[in-house]
Amino acid sequence: MQKIKPKKGWMSVQVGLEEEEVHKFSIPISHLYHPLFQKLLEKATEVYGYRNSDGPLRLPCSVDDFLYMRWQVERDGASTHHHRNYFPAPSLPC
């Protein structure tokens, strides 16, 4: 199987809980600055540790919850959320 490198400004993530099949997604790097993704990255560090940066970033989230969160980030305008008042959801959907 050939590895496909994400386009410039994007990164690969793997999503899926232990009992689910893992799915791979490409997201804009700008999503990582959104408060919801920041919380998910903190959770990923707690669950997986991340001493190694080989391969896609693994996110401890169900695929459905990830898709909903990605929709929220895109709706909020991931590239402009830090230029306006933003009140993040109290908790992650994951």
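Below you will find a few notes about this structure. Bear in mind the structure is a predicted one, so any value in this text is a computation, not a measurement. (Residues numbered from 1 in each chain as written. Predicted model: local features only at pLDDT ≥ 70, side-chain atom pairs only at ≥ 80, totals over all residues. Heavy atoms only, no water.)

**Re the sheet that holds strand β1 (residues 10-15)**
Thought 1: Reading across from one edge, β2-β1-β3 is the order of the 3 strands in this open sheet, with mixed pairing throughout. Strands at the two margins of the open sheet, each flanked by one partner only, are β2 (23-28) and β3 (57-59). With direction set aside, neighbouring strand axes in the sheet form an average angle of 40°.
Thought 2: Looking at chain direction, β1 and β2 are connected through 6 bridges and run antiparallel. Residue pairing for β2: Q14 is matched across the bridge by K24.
Thought 3: Running over the sheet, helix α1 (residues 35-48) touches β2 and β3 and is turned about 95° from β3. (Pairing = 2+ DSSP bridges. Helix = DSSP H or I, 4+ residues; strand = E, 2+ residues; numbered from the N terminus. Axes fitted to C-alpha atoms, helices over the stretch in contact; angles between N-to-C directions. Contact = heavy atoms within 4.5 Å.)

**A look at the pairing of β1**
Thought 1: Note that β1 and β3 share 3 bridges and pair parallel. Within β3, the residue paired with V13 across the bridge is L57.

**Some thoughts on the pattern of salt bridges**
Thought 1: Scanning the model with the defined rule gives 1 salt bridge in all.
Thought 2: In this structure, D76 and R75 form a salt bridge, with 3.4 Å as the shortest nitrogen-oxygen distance.
Thought 3: Exposure remark for D76: the relative accessible area of 10% places this residue in the buried category. (Salt bridge = Lys/Arg side-chain N within 4 Å of Asp/Glu carboxyl O. Buried < 20%, exposed > 50% of the residue type's maximum accessible area, 1.4 Å probe, protein only.)

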